[in-house]
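Coordinates in review
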Amino acid sequence: MKIVNIESVSEFVDYIEGLDRKNELWFRGVASEDHKPVPGIIWRDIQSKEGALEHSFLVSFKSYIANEELNAWEIFALMQHHGLPTRLLDWSESALVALYFALTSEPNNDGDRVVWVMNPFELNRRCVGVNSLFCPAAIANNNIVVNGVEFNFDLYLGGNLKPAGIERRLPEKPMAINTTQHLKRVSSQKGCFTVHGYSSLGIDKYFENSEDFQMIKIRIKSKQDRLKMVNTLSSLGIDEEFIYQDLDSLCSKIKRINGIYL
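Please read all numbers here as calculations on a predicted model, not as lab measurements.

**A short note on the overall build of the protein**
- When helices and strands are tallied, the protein shows 10 helices and 9 strands.
- Relative to the 2.2 N^0.38 estimate, which gives 18 Å for 262 residues, the radius of gyration of the protein is 19 Å and therefore close to what a compact globule would have.
- Along the three orthogonal principal directions, the C-alpha set of the protein runs to about 55 × 45 × 30 Å.
- Taken across its 262 residues, the protein has 51% of its residues classed as buried.
- Of all intrachain contacts in the protein linking residues separated by at least 6 positions in sequence, the fraction that spans at least 24 positions is 72%.
- Of the roughly 13100 Å² of accessible surface on the protein, 49% is carried by carbon and sulfur atoms.
- Here the protein holds 29 positive side-chain charges and 34 negative ones, and the gap between their average locations is 3 Å.

**Describing the nonpolar core**
- Core analysis: the largest hydrophobic core is formed by 44 residues, its most contacted members being Trp-73, Trp-91 and Met-175.
- Considering each element in turn, this core owes the most residues, 6 residues, to helix H4 (residues 72-81).

**Topic: the environment of Thr-180**
- Secondary-structure assignment places Thr-180 in the loop between strand S7 (175-177) and helix H7 (184-188).
- Thr-180 gets classed as buried once you look at its relative accessible area, which sits at 15%.
- Sequence separation between Thr-180 and Glu-74 is 106 residues; the distance between their C-alpha atoms is 7.4 Å.
- Other than its neighbours up to four places away in sequence, Thr-180 contacts Glu-74, Cys-135, Ala-137, Ala-138 and Val-186.

**A word on unusual backbone geometry**
- Phi is positive for Arg-21, which is not a glycine, with a value near 50°.
- Position of Arg-21 relative to the elements: it lies in the loop between helix H1 (9-17) and strand S2 (26-30).
- A positive phi is found at Asp-45, a non-glycine position, where the angle reads about 60°.
- In this structure, Asp-45 sits in the loop between helix H2 (40-43) and helix H3 (50-60).

**Thoughts on the pattern of salt bridges**
- Enumeration according to the criterion identifies 12 salt bridges in this entry.
- For Glu-167, the salt bridge goes to Arg-169, with nearest N and O atoms at 2.9 Å.
- For Arg-169, a relative accessible area of 45% corresponds to the partly exposed category.
- What you see here is one network of salt bridges that share partners, running through Arg-21, Glu-24 and Asp-212.

So, how was this worked out
- Residues numbered from 1 in each chain as written.
- Predicted model: local features only at pLDDT ≥ 70, side-chain atom pairs only at ≥ 80, totals over all residues.
- Heavy atoms only, no water.
- Helix = DSSP H or I, 4+ residues; strand = E, 2+ residues; numbered from the N terminus.
- Rg over C-alpha atoms; globule rule 2.2 N^0.38 Å.
- Buried < 20%, exposed > 50% of the residue type's maximum accessible area, 1.4 Å probe, protein only.
- Contact = heavy atoms within 4.5 Å.
- Areas by Shrake-Rupley, 256 points an atom, 1.4 Å probe, with all protein chains shown as cover.
- Lys, Arg positive; Asp, Glu negative; His and termini not counted.
- Charge placed at Lys NZ, Arg CZ, Asp CG, Glu CD.
- Core = buried A, V, L, I, M, F, W, Y, C linked by side-chain atoms within 4.5 Å.
- Salt bridge = Lys/Arg side-chain N within 4 Å of Asp/Glu carboxyl O.

Below, the structure written as structure tokens:
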């Protein structure tokens, strides 16, 4: 795994601009290099509670959405984007969106931040034998054959989301997938996912000695230095309101612009 150190937004942009096949890459921003690329339900070690979490969400979520008919994969994404631990791991097609999350997550942490960089096509080649990306939420038949490789996306769904007749087993290795963009948060964040099976390995473990997975370390000298970078991102249009698209984020933006922080 390649490790790169940067100290400013401009340096970050310059580095991304110089990457090969940058339009194919996905990015994930986190508050610390200790936050490995592993989904919430796995790093919390609560796989045994997955069914109960899904059930509670399915019982109640429709009262909070505007009469949308969502399929199982869209519900899966909705759970993840609103903070429920799942086997999905958030990524973005936008390097600047990932940098925003790296700089704003865990605001009381004044240490260095990290943006993970991954080639999702290479992940799928290594894990499922197919050098392609698919969007399970938009495919009518999720049992497909590509280049002689047969697999069913719906095997990755939790028990309460699986369609009738689908086996209860999980695949072992993760897979990179696209998601439909009509969910507002997913769209604004250029969201995409890795969906994980029963293995507890982080994504980085599938890229040993490969530059198809990188860690960009954002060196933070002080809280003021970090907030300066956040304000620079805001001047480029990547701010709370853009990311979350709601009134709470609008008010957070107004407070930040006026120097009011928690």
